[in-house]
Amino acid sequence: MQEEKAQSEQRDERYDAQTVEKKWTERWQQDAALYAAEPDSTKPKYYVLEMLPYPSGALHMGHVRNYSIGDALARYMWMNGYNVLHPMGWDSFGLPAENAAIANNTPPREWTLRNIANMKSQMKRLGFAYDWSREVTTCLPEYYRWNQWFFLRLYERGLAYRKKSKVNWCPKCATVLANEQVVGGCCWRHETTLVEQRELEQWFLRTTQYADELLRDLDKLDGWPEKVRTMQRNWIGRSEGTLVEFGLDGSQSKITVFTTRVDTIFGATSVQLAPQHPLVEGFTANDGDLRSKVDQLIAEQRKAKEVGDIGAIEKHGINTGHFAINPFNGEKVPIWVANYILMDYGTGAIMSVPAHDERDYEFAQKYGIEIRRVIVPKDDTATDELPFVAHDGKLINSGEFTGLECDDAIKKMSAQAEKNGFGKATVTFRLKDWGISRQRYWGTPIPMLYCEKDGIVPVPEKDLPIILPDNVDITLTGGSPLGRVPEFVNAVCPKCGDPARRETDTMDTFVDSSWYFYRYTDARNDKEPFDSAKAGYWFGERGIDQYIGGVEHAILHLIYSRFWTKFMRDLGLIRNDEPAERLFTQGMVIKDGAKMSKSIGNVVSPDEMVARYGADAARLYSLFAAPPDRDLDWQDTGIEGIQRFLGRVNRFVLRNASRRQSQEKALATILPPEARGLQRKLHQTIKRVSDDFQGRWHFNTCIAAIMELMNAMYGFEESLTRTTAPAKESLAVLADAQRTLVLLLAPFAPYLAHELWEQLGEQSNLLKAEWPKYDPALAKEDEIEIPVQVNGKLRGRVVVPADSSEELVLERALADPKIVASLAGKQVVKKIVVPGKLVNVVVR
């Protein structure tokens, strides 16, 4: 046996991943239905989906990590007998294509479709198991015609409307800029040209109509990360409070503020407006000095938004010299403009109560504004601390409301405001209606017409799709590119037959990604967006079984897709309330201390990794290097280690491939100790990998467990060389172990697994081979070894019963002589026990 092993090691010194993967790539591509979901099946269904990518031109290892997670899960579910839907598509409209087209002098369509072909080729080479028969490409008319169809349905129900809104305007380009095109307050194409704020007519979708439901239904999404639900709750931002109208001294105008603490209104010593508030325009009309100061506040605000930290902005303000009138006591208070007040939050105006609000207090101290206390503790406890923000106090210095407790005062003051016509109790939301107009070329044309006689007229459904024209010059400045295409703009009004003008705005690309996963269920339907019965099968009552994508999409994409789902439900197209039952947000891939990104230039190309190490190694490393929900710090040395592991697996199985069926059936209940030990390790590994797929998704520990099993198999094989005539039961255990090893490896390293499956003489399709089962009695881990750290550094290990309590683990760890020595003379600050994993003692 030793001679056989030596010959095999010499013959297979290095696993030739390129040859094996080329063989299986060609074989898989010959079977177009290999990964296809079954149209009519009695199996339980499972819909697993990774968020569709923007076709930027090439994948990087951040993509590979995301798709490897979903692919492993899809393969695991196939092996567990499910009818799996695992599709892929392209979020292919958007501003980057226009920018790239300008830079490369290539039409956006040509540039985009070329990138799609390249990225699709990369995905196939990486072995991702996608049902390509369901592929969607959002920039093609067969997809975006249904964006237009949905827009008409939204318009019919009053959920799509047009209104004036502030936009970024470059005076040199003479066009609207997306937020991404504003860099340091200037135009991205004209670095010294300050961007202005202008009001233009824009199309909006009434997402606020679903605000209550969007907030309430977050409680249903217990399969979503809590951090995502919290981010959405904060974005929706439901607040119960009071709308109050302050008068404008010397004018009939009113300033509406929303406050959750109307009980403090007698302590309001100023009113503060957002720089973009309509009244500010009037205040600055004939005051150039005030105008320039307001423009400076706007620039400060814009810079803070660009870095995503408006809450930490240094607070600046300007006294306008105008006064507001408090409707509760008739007092005049000065009107200020402040850079921390946002026009798109609340009403764009606040009453400032510095004695009872930390932000107002800071502002008042800076500018010498009066600080007037109107709330004290209910029990009359003396306190000089300001600001005093407690909700359980009582009112002082508040006219007829003095002495009331806060909650009671809020109710009575809200009622008085409504009775006297200057306010009312209300509920507001931070969530605003979704502005979908884009003055860009590369997007879905909005299917609306403008007629002098009939006004705004929807395009008849029979005329859809409104095709986006080719050969449009997008390099010129001055308005929407579509506005310069007469054959597109000029149309006929379907009501009166007179000339009409087409809408030249295109839709926000978040429209494309708000419903694409429904189209996957019926991707070739040319009569409707999708067949409701087909979508009903895959979505059921709860939505996609598992959705996977980055946490950066927690707000916009996921809120918009939830809104779209509820709208489609109300249309009767679907019966589920939410798009996905479970959501997983993977960590980023970090290189050189930053998120892997083409713009930063720290991208690791999967093509290079595949060429050097093979696709299996690239996939396996992306799953092994860190838990999938945490950031992965890319290290080339790590993937080299994975490559060596795959080589060890390959050599072992090829060397022992002849030990198959007959010996597997000879398993006995009484085994030699070494064989019994390997058998236990095998069943423990099956349990660990299976449990991780069904629970934590810590695929790094799955792969580590498979590596440990491989080590045990090598050790057992070595023990057999010391036996003249190994028992057939021992050989059967080894044969069973190597067959199971291949099955366990299949979701993570499909190329090598398929090759070894064939080498073992198996005739079944490994993609849908039965997942191994474990014997609970054999899988029980009687004892486990726990690493013990001091301040994060390994100082020892303790062996404890597998079902030990945290208290017992900690007791054993602190009694270990090595740990006792490490703690000598130090103060223990904290003791951390990660069940079954480690102990960390923090000292100083």
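Residues numbered from 1 in each chain as written. Predicted model: local features only at pLDDT ≥ 70, side-chain atom pairs only at ≥ 80, totals over all residues. Heavy atoms only, no water.

Further remarks concern the overall build of the protein. For the protein, the count of helices and strands is 27 helices and 34 strands. The 844 residues of the protein split such that 55% are buried. Considering only residue pairs separated by 6 or more positions, the protein has 72% of its internal contacts joining residues 24 or more positions apart. Surface exposure of the protein reaches about 37,200 Å², of which carbon and sulfur atoms provide 48%. (Helix = DSSP H or I, 4+ residues; strand = E, 2+ residues; numbered from the N terminus. Buried < 20%, exposed > 50% of the residue type's maximum accessible area, 1.4 Å probe, protein only. Contact = heavy atoms within 4.5 Å. Areas by Shrake-Rupley, 256 points an atom, 1.4 Å probe, with all protein chains shown as cover.)

The next subject is the packing of aromatic side chains. Taken as a whole, this structure holds 53 aromatic pairs when the rule is applied. Note on Tyr 76 and Phe 693: the rings are 4.2 Å apart at their centroids and 5 degrees apart in plane angle, and the pair reads as stacked. Within this pair, whereas Tyr 76 is found in helix α3 (residues 61–79), its partner Phe 693 is found in helix α21 (residues 673–694), the two being separated by 617 residues in sequence. Overall, Tyr 76 belongs to the buried group, its relative accessible area being 3%. Using a relative accessible area of 4% as the deciding quantity, one classes Phe 693 as buried. With a centroid separation of 5.6 Å and an interplanar angle of 85 degrees, the aromatic rings of Trp 336 and Phe 363 are classed as edge-to-face. Separated by 27 residues along the polypeptide, Trp 336 in strand β14 (residues 332–338) and Phe 363 in helix α11 (residues 358–367) bring together distant segments of the chain. Across the pair, exposure class does not vary: Trp 336 and Phe 363 are buried alike. The structure contains a cluster of three or more aromatic residues connected by ring pairs, namely Tyr 143, Trp 146, Trp 149, Phe 150, Tyr 210, Trp 434, Phe 510, Trp 515, Tyr 560, Phe 563 and Trp 564. We note Arg 206 situated over the ring of Tyr 161; from NZ or CZ to the ring centre the distance is 4.1 Å. Directly above the ring of Phe 388 sits Arg 373, whose terminal nitrogen or CZ lies 5.1 Å from the centroid. (Phe/Tyr/Trp six-rings, centres within 6.5 Å; stacked < 30°, edge-to-face > 60°. Lys NZ or Arg CZ within 6 Å of the ring centre and 35° of its normal.)

Here we have three strands laid out as an open sheet, ordered β29-β28-β30, and mixed in their pairing. In this open sheet, the two edge strands, each paired with only one partner strand, are β29 (594–595) and β30 (632–633). Looking at chain direction, strand β28 (residues 589–591) and β29 are connected through two bridges and run antiparallel. In the strand pairing of β29, Lys 591 is matched with Ala 594. (Pairing = 2+ DSSP bridges.)

So, on to the pairing of strand β10 (residues 238–248). With seven bridges connecting them, β10 and strand β18 (residues 423–429) associate as antiparallel partners. Looking at the pairing, Glu 240 lines up with Val 427 of β18. Bridge analysis of β10 against strand β11 (residues 254–259) gives six bridges, and the strand direction is antiparallel. Bridging across to β11, Glu 245 finds its partner in Thr 256. The turn joining β10 and β11, which pair antiparallel and follow one another in sequence, is formed by five residues; a positive phi near 80 degrees is taken by Gly 250. For β10 and strand β13 (residues 317–325), the ladder comprises two bridges, and the chain directions are antiparallel. Among the inter-strand pairings, Gly 247 is bridged to a residue of β13, identified as Ile 325.

A separate point is the layout of surface pockets. Taken as a whole, the second largest pocket holds about 1,200 Å³ of empty space. Along the wall of the second largest pocket there are 41 residues; nearest its centre are Arg 688, Glu 781, Ile 784, Gly 836 and Lys 837. Elements represented by at least two residues in the lining of the second largest pocket include exactly α21, α22 (699–721), β31 (783–790), β32 (793–801) and α26 (806–815). A total of 10 residues in the lining of the second largest pocket trace back to one element, the largest contributor, which is α21. For the lining of the second largest pocket, a count of residues per class yields 14 nonpolar, nine polar and 18 charged. (1 Å grid on protein atoms, 1.4 Å probe; cavity = no way out; pocket = protein on both sides within 12 Å on 5 of 7 lines; lining within 4 Å. Points joined across faces, edges and corners; volume = space filled by probe spheres on them. Nonpolar A, V, L, I, M, F, W, Y, C, P; charged D, E, K, R; others polar.)

Turning our attention to unusual backbone geometry. Most of the time, phi is negative for any residue but glycine, and the peptide bond is trans. Following Leu 386, the chain continues to Pro 387 via a peptide bond in cis, the omega torsion being 0 degrees. Examined against the element boundaries, Pro 387 turns out to sit in the loop between β16 (375–377) and β17 (393–395). That bond from Leu 464 to Pro 465 is cis: its omega, 0 degrees, falls within 30 degrees of zero. Take Pro 465: it is sitting in the loop between β22 (455–458) and α13 (486–489). Phi angles above zero are rare outside glycine, and Asn 471 is one such case at about 55 degrees.

Summed over the entire model, instances satisfying the criterion amount to 61 salt bridges. With a shortest N-O distance of 2.7 Å, Lys 22 and Glu 26 are connected by a salt bridge. Here the residue Lys 22 and the residue Glu 26 both occupy positions in helix α2 (residues 17–29), the gap between them amounting to four residues, near one helical turn. For Glu 26, a relative accessible area of 40% corresponds to the partly exposed category. One salt bridge in this structure joins Glu 762 and Arg 739, with 2.7 Å as the shortest N-O distance. In this pair, Glu 762 sits in the loop between α24 (750–759) and α25 (776–779) while Arg 739 sits in helix α23 (residues 728–745), placing the two residues 23 residues apart along the sequence. Counted as one network, the salt bridges with shared partners bring together Glu 213, Arg 216, Asp 217, Lys 220, Arg 562, Lys 566, Arg 569, Asp 570, Asp 577 and Glu 578. (Salt bridge = Lys/Arg side-chain N within 4 Å of Asp/Glu carboxyl O.)

Another point: the environment of Leu 200. Along the chain, Leu 200 falls in strand β9 (residues 196–205). A sequence separation of 37 residues divides Leu 200 from Lys 163, and the C-alpha atoms of the two residues are 8.0 Å apart. Those residues in contact with Leu 200, other than ones at most four positions away along the chain, are Lys 163, Lys 164, Ser 165, Val 167, Trp 169 and Val 176.

Moving on, we come to the packing of α3 against helix α18 (residues 615–624). As a packed pair, α3 and α18 sit with axes 9 Å apart at the nearest point and diverge in direction by 90 degrees. Between α3 and α18, the interaxial angle falls into the category roughly perpendicular. In this structure, α3 uses Met 61, Val 64, Arg 65, Ser 68, Ile 69, Asp 71 and Arg 75 to contact α18, whose residues at the interface are Ala 618, Arg 619, Ser 622 and Leu 623. Grouping the constituent residues of the contact of α3 with α18 by class yields five nonpolar, two polar and four charged. (Axes fitted to C-alpha atoms, helices over the stretch in contact; angles between N-to-C directions. Parallel < 35°, antiparallel > 145°, perpendicular 65-115°, else oblique.)

This brings us to the side chain of Glu 300. By the element assignment, Glu 300 lies in helix α10 (residues 288–306). The side chain of Glu 300 sits in the buried core without any salt bridge; Lys 366 is the nearest counter-charge, 7.9 Å away. Only 2.9 Å separates the side chain of Glu 300 from the side chain of Asn 339, close enough to count as a polar contact. Other than its neighbours up to four places away in sequence, Glu 300 contacts Ile 313, His 316 and Asn 339. (Lys, Arg positive; Asp, Glu negative; His and termini not counted. Polar contact = N/O pair within 3.5 Å; in protein donor to acceptor, adjacent residues only side chain to side chain.)

As a further point, take the sheet that holds strand β24 (residues 499–502). Sheet strands pair by backbone hydrogen bonding; their relative direction is either parallel or antiparallel. Spatially, β22-β21-β24-β23 is the arrangement adopted by the four strands of the open sheet, whose pairing is antiparallel. In this open sheet, the two strands that pair with only one neighbour each are β22 and β23 (490–492). For this sheet, the mean inter-axis angle between neighbouring strands, taken without regard to orientation, is 45 degrees. Bridge analysis of strand β21 (residues 448–451) against β22 gives four bridges, and the strand direction is antiparallel.

A few words now on the nonpolar core. What tends to happen in soluble globular proteins is that the nonpolar side chains get buried as a cluster. Counting residues in each nonpolar core, the largest one holds 98 residues, and the members touching the most others are Trp 634 and Phe 748. Ranked by size, the runner-up nonpolar core spans 87 residues in total, among them Cys 139, Leu 152, Leu 159 and Ile 474. (Core = buried A, V, L, I, M, F, W, Y, C linked by side-chain atoms within 4.5 Å.)

Once that is clear, we can look at the confidence of the model for the protein. Detail in the predicted coordinates should be disregarded across regions flagged by low pLDDT. Averaged over every residue, the pLDDT of the protein is 90; residues scoring 70 or more account for 94%. Between residues 6–12, whose pLDDT stays under 50, and residues either more than four places distant or in other chains, the model counts seven contacts. Predicted confidence for residues 661–668 stays below pLDDT 50, and this span has 16 contacts to residues more than four positions away or in other chains. (pLDDT = per-residue confidence, 0-100.)

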